[in-house]
Amino acid sequence: TEGEKFLNVGPENTFPGISLPPEAHHIKALIERSGALSVLDYGSGKGKQYDMRNVKLATGEVVESIVDYWGIDFVHCYDPSYAKFSALPQGQFGGVICTDVLEHCPEDDVRWIVTELFSYAEKFVYANVACYPAMKRLPTGENAHCTVRAPEWWLDLFRSVASQFPGVKWKLTAHLLTTDGSGRKPEQQFFSSEAAT
């Protein structure tokens, strides 16, 4: 409700959901391979990513909309911090996506949240995580990324949880930053993927 006061960003533009387009092509590949027709966006923010038109993807492609690009029937948005989408989802969905979320969760909660992601998925789970401190801060002044761990830590966690859901394929992308003393540099991706056979 306060927005990001340290960066002077209003509440309507704080966690709007616009971090999804760079991940959209990874998700499309999972949708196509699995045949999923529905997606649960777990931690969707305000869901603005699904209102955007003429969306430029990381591949350079421009698409009419994310849902059209994915070729699915519907997306269900869930975000416990946004009243409009705060109701806990019911049932399962073809795919579950979680982008720019897990690093914002306290480390003690991450395992049960990842388990919940898998419990909602019929076919696949896709998640990305940032493995570095955020630019944003919470109203308390604390960094918005409260769980900053190496890609290998996240990979071990996903492997452990996924072992309980052998029929669910999954993909995890971990993002790193490099620095040379002059500040933050463009992200480099450490990519990990596994699929149940």
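Refer to the structure above for everything that follows.
Residues numbered from 1 in each chain as written. Predicted model: local features only at pLDDT ≥ 70, side-chain atom pairs only at ≥ 80, totals over all residues. Heavy atoms only, no water.

Time to look at the overall build of the protein chain. Summing up its helical and strand segments, the protein chain has four helices and eight strands in all. Mapped in sequence order, the helices and strands of the protein chain form the string α-β-β-β-α-β-β-α-β-α-β-β. Looking at the protein chain as a whole, 45% of its 197 residues are labelled buried. Once local pairs closer than 6 in sequence are excluded, the contacts in the protein chain between residues at least 24 apart make up 70%. (Helix = DSSP H or I, 4+ residues; strand = E, 2+ residues; numbered from the N terminus. Buried < 20%, exposed > 50% of the residue type's maximum accessible area, 1.4 Å probe, protein only. Contact = heavy atoms within 4.5 Å.)

Another aspect to go through is the pattern of salt bridges. Using the criterion set out here, one finds three salt bridges in the structure. K28 is the partner of E32 in a salt bridge, and the nearest nitrogen-oxygen pair spans 3.2 Å. With a gap of four residues between them, E32 and K28 both fall in helix α1 (residues 24–34), about one helical turn apart. Classification of E32 as exposed rests on a relative accessible area of 55%. Here R53 and E64 are joined by a salt bridge, their closest N and O atoms 3.8 Å apart. Residue R53 is located in the loop between β1 (38–42) and β2 (55–56), and its partner E64 is located in the loop between β3 (62–63) and α2 (66–70); the two are separated by 11 residues in the primary sequence. The exposure class of R53 is partly exposed, given its relative accessible area of 48%. On the accessibility criterion, E64 (43% relative accessible area) is partly exposed. (Salt bridge = Lys/Arg side-chain N within 4 Å of Asp/Glu carboxyl O.)

To continue, consider the nonpolar core. Membership of the largest hydrophobic core comes to 30 residues, with the highest contact counts inside it found for Y42, L102, F118, V125 and F158. Contributing elements (two or more residues each) for this core: β1, β5 (93–99), α3 (107–120), β6 (121–130), α4 (151–162) and β7 (169–179). Not counting residues up to four positions away in its chain, the partners in contact with V125 are L30, V96, L117, F118, F158, V168, K169, W170 and K171. Within the second largest apolar cluster, 21 residues are counted, among which are L30, L57, Y69 and Y126. (Core = buried A, V, L, I, M, F, W, Y, C linked by side-chain atoms within 4.5 Å.)

Describing an aromatic ring pair means giving the distance of the ring centres and the angle of the ring planes. Following the criterion strictly, the structure yields eight aromatic pairs and no others. With centroids separated by 6.4 Å and ring planes inclined at 70°, the aromatic side chains of F74 and F93 adopt a geometry described as edge-to-face. One end of the pair, F74, is in strand β4 (residues 74–78); the other, F93, is in strand β5, with 19 residues separating them in the sequence. The buried category is assigned to F93, whose relative accessible area is 5%. Pairwise contacts between aromatic rings join F118, F158, F165 and W170 into one cluster. Over the aromatic face of Y69 sits the side chain of K28, whose NZ or CZ is 4.7 Å from the ring centroid. (Phe/Tyr/Trp six-rings, centres within 6.5 Å; stacked < 30°, edge-to-face > 60°. Lys NZ or Arg CZ within 6 Å of the ring centre and 35° of its normal.)

Put simply, α3 and α4 touch, their axes get as near as 10 Å, and they point 45° apart. The orientation of α3 with respect to α4, classified from their angle, is oblique. Considering how the two elements wind past one another, α3 and α4 form a crossing that is right-handed. Residues E107, V110, R111, V114, T115 and F118 of α3 touch α4, and the partners they reach there are W153, W154, L157, F158, S160, V161 and A162. Class assignment of the residues belonging to the contact of α3 with α4 gives a composition of nine nonpolar, two polar and two charged. (Axes fitted to C-alpha atoms, helices over the stretch in contact; angles between N-to-C directions. Parallel < 35°, antiparallel > 145°, perpendicular 65-115°, else oblique. Left-handed = near helix turned anticlockwise from the far one by under 90°. Nonpolar A, V, L, I, M, F, W, Y, C, P; charged D, E, K, R; others polar.)

In this fold, E103 is placed in the loop between β5 and α3. You can call E103 buried: its relative accessible area is 2%. Within the structure, E103 has its side chain in polar contact with the backbone nitrogen of A130 (distance 3.3 Å). Contacts of E103, omitting those with residues within four sequence positions, involve N128, V129, A130, A144, H145, C146, T147 and W154. (Polar contact = N/O pair within 3.5 Å; in protein donor to acceptor, adjacent residues only side chain to side chain.)

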